[in-house]
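# A structural walkthrough
Each chain, written out:
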Amino acid sequence: PFDGGSNMVVLVQSICRRTPDRLPEDYSDFVHRLCHEMLNKNPAYRPSAGAILSRPQMKTIVQQFFEEAKDKASQDKGY
């Protein structure tokens, strides 16, 4: 999302000063808000990992991942 070419100083300045581009509309409002919060320039306003994982939407996503992994493991074992 940030283009500094091969110049590291320009890249760092771009990250620190520029506002990241908005995600494509294909993503949900939840993902848009989460990315916006996580990329906040002020660390005091960024959510912690625990705060992110405690959100109901994130709990649902994590649960789905676990279910898919469990199903895949069962299929791989032949159950």
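Notes on the structure follow. (Residues numbered from 1 in each chain as written. Predicted model: local features only at pLDDT ≥ 70, side-chain atom pairs only at ≥ 80, totals over all residues. Heavy atoms only, no water.)

Looking at where L53 falls in the secondary structure, it is placed in helix α3 (residues 49-53). Each C-alpha atom, one on L53 and one on T19, is 25 Å from the other, the two residues being 34 residues apart in sequence. Dropping the residues within four chain positions of it, L53 is found in contact with M58, K59 and V62. (Helix = DSSP H or I, 4+ residues; strand = E, 2+ residues; numbered from the N terminus. Contact = heavy atoms within 4.5 Å.)

This part is about the side chain of H32. With respect to the helices and strands, H32 occurs in helix α2 (residues 29-38). By relative accessible area, H32 is classed as buried at 7%. Polar contacts involving the side chain of H32 include one to the main-chain carbonyl oxygen of Y27, which spans 3.3 Å. For H32, the residues in contact, after removing those within four places along its chain, are R22, L23, P24, E25 and Y27. (Buried < 20%, exposed > 50% of the residue type's maximum accessible area, 1.4 Å probe, protein only. Polar contact = N/O pair within 3.5 Å; in protein donor to acceptor, adjacent residues only side chain to side chain.)

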